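Residues per chain are reported as follows:
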Amino acid sequence: MTNVRIGVMYDRSWAPEGLPAFAREVEQLGADDLWVVEDLGWNGGVSAAAVALGATQRLRVGIGIAPAPLRSPALLAMELATLARVFPGRLVAGIGHGVGEWMAGVGVAPASPLALLEESIVAVRALLRGEKVTVDGREVRLDGVQLVHPATEPPPVVAGVVRPRSLELSGRVADGTLLAEGNGPRDLESALALVRKGGAGADHTLTVYAFGALGDDAEQTLRPMVEGQAGWLGRAPEDVFTVSGTAAQAADQVRDLAAAGATTVVLRLFGPEPAGQLGSILEALRSA
């Protein structure tokens, strides 16, 4: 089996009461990660992560992503430290810009999204380490804030970003980078170049989300998501990368992402029995 970590997303459209059973099932299948989503109006990322961590024994849980405009760095660090102390070594904290229209819709759109994200990540990481933090930045203000119960094993903080300047920012201040669905091997190579330009070292991780579906109708199943993502990414639908087809083909596509630099591939699976699809892909990876 390839040395890349294999994760699965608990899709935002799935009801939260199904999360504990799903988390236990994918843990039994041998998945490395489960990632939860924090999109405005859907589920809370920190609370969902707590549910998944509490339902499992080994699974690493990622928050992908907490929108920086919605989250005070002090409060986010408090929440993350609580989870990290109770479930050491099993949490990854993703932070991103958030969708601009959504942030404006709740009155928290920053004047400088780049400054807010950078200042938030720097502050959260320092607070998790137990430091007393003072920030007088363009967007973040903290005056001698310190956690009473900092993380004994600080979780990695990764930046969920897309644009070149944000990728450089991630390389400068984050432990890793999280890329959205649709990015293929060439996109990963380009992203890594920008992350390294920002100053990332060899230990900087790269996590990539990937639309996934198995079966003869996989392309049809994924078409609505692919077309929507193509518009958001500014590319043709045929240039949106997916993990799909037979289990063997999907396993090869995961390997392609790993070869391009992905350290974790998180499958966002569509169609019937997503856990069963995950199991088939994991088995194909193991049998190679």
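Numbering of residues begins from 1 in every chain and follows the order in which that chain's sequence is written. Owing to the predicted nature of the model, reporting of local features is limited to residues with pLDDT of at least 70; listing and counting of side-chain atom pairs is limited to 80 or more, with chain, interface and lining totals taken over all residues. To obtain the side-chain values, all non-hydrogen atoms of the structure were used and water was disregarded.

Enquirer: Please explain unusual backbone geometry as it appears in this structure.
Expert: With the exception of glycine, most residues fall at negative phi, and the peptide bonds are largely trans. In this chain, Gly64 is followed by Ile65 through a cis amide linkage whose omega measures 5 degrees. Under the scheme used here, helices are H or I runs from DSSP no shorter than 4 residues and strands are E runs no shorter than 2 residues, and both carry numbers assigned from the N terminus. If you trace the backbone, Ile65 turns up in strand 3 (residues 60-67). Phi at Glu273 takes a positive value of approximately 50 degrees, unusual for a residue other than glycine. Within the secondary structure layout, Glu273 lies in the loop between strand 11 (264-269) and helix 10 (274-287). Exposure is judged per residue with a 1.4 Å probe applied to protein chains only, and the accessible area is read against the type maximum: over 50% gives exposed, under 20% gives buried, and values in between give partly exposed. On the basis of relative accessible area, Glu273 is assigned to the exposed category, the value being 64%.

Enquirer: Could you clarify how one ought to interpret the pairing of strand 6 (residues 141-145) in this entry?
Expert: Moving residue by residue along a regular strand, the side chains alternate between the two faces of the sheet. In this analysis, strands are considered paired if DSSP registers two or more bridges between them. Alignment of strand 5 (residues 133-136) against strand 6, held across three bridges, turns out to be antiparallel. Bridge pairing in strand 6 places Val135 opposite Leu142.

Enquirer: I keep staring at the pairing of strand 10 (residues 242-245) and nothing clicks. Help me out?
Expert: As judged from the four bridges shared by strand 9 (residues 205-214) and strand 10, these two strands associate in the parallel manner. Paired with Ala213 across the bridge in strand 10 is Ser244.

Enquirer: What exactly am I supposed to notice about the pattern of salt bridges here?
Expert: Think of it this way: side chains of opposite charge can pair up when their charged atoms draw near. Salt bridge criterion: a side-chain nitrogen from Lys or Arg within 4 Å of a carboxyl oxygen from Asp or Glu. All told, the structure shown has 14 salt bridges when counted by the stated rule. The shortest N-O distance in the salt bridge between Arg172 and Glu118 comes to 2.8 Å. Taken together, the residues span a long stretch of sequence, with Arg172 in helix 6 (residues 164-173) and Glu118 in helix 5 (residues 113-128) at a distance of 54 residues. Taking the relative accessible area as the measure of exposure, Glu118 reaches 23% and is therefore partly exposed. One salt-bridge network, held together by shared partners, links Arg5, Asp33 and Arg60.

Enquirer: I would appreciate a short explanation of the side chain of Arg71 in the present structure.
Expert: The residue Arg71 is located in the loop between strand 3 and helix 3 (73-86) in this model. Note on Arg71: relative accessible area 18%, which makes it buried.

Enquirer: Got a minute to help me understand a nonpolar patch on the surface in this structure?
Expert: A contiguous nonpolar surface patch, about 210 Å² in accessible area, is contributed by Leu40, Leu70 and Val106. With respect to the element layout, Leu70 can be found in the loop between strand 3 and helix 3. Classification of Leu70 as partly exposed rests on a relative accessible area of 38%. Only residues above 30% relative accessible area that lack a salt bridge enter a patch, with like-charged residues linked at up to 9 Å and the nonpolar side chains Val, Leu, Ile, Met, Phe, Trp and Tyr linked at up to 5 Å. To measure how exposed things are, a 1.4 Å probe is used in the Shrake-Rupley method; for residues, cover is taken only from the protein chains shown.

Enquirer: I would appreciate a short explanation of helix 10 in the present structure.
Expert: Each α-helix winds once per 3.6 residues, and so residues spaced three or four apart point in a common direction. Helix span, expected: 1.5 Å multiplied by one less than the number of residues in the helix. For helix 10, built from 14 residues, the straight-helix expectation of 20 Å at 1.5 Å per residue is met to within 8% by its first-to-last C-alpha distance of 20 Å. Any pair of residues with heavy atoms lying within 4.5 Å of one another is described as a contacting pair. In this fold, the buried residues of helix 10 make contact with strand 1 (5-9), helix 1 (19-29), strand 9, helix 9 (247-259) and strand 11.

Enquirer: Can you walk me through the environment of Val208 in this structure?
Expert: Among the structural elements, Val208 can be located in strand 9. Residues Val208 and Leu53, spaced 155 residues apart in sequence, show a C-alpha to C-alpha distance of 21 Å. Those residues in contact with Val208 that sit more than four places away from it in its chain are Leu179, Ala180, Asn183, Leu188, Leu257, Ala262, Thr264, Val265 and Val266.

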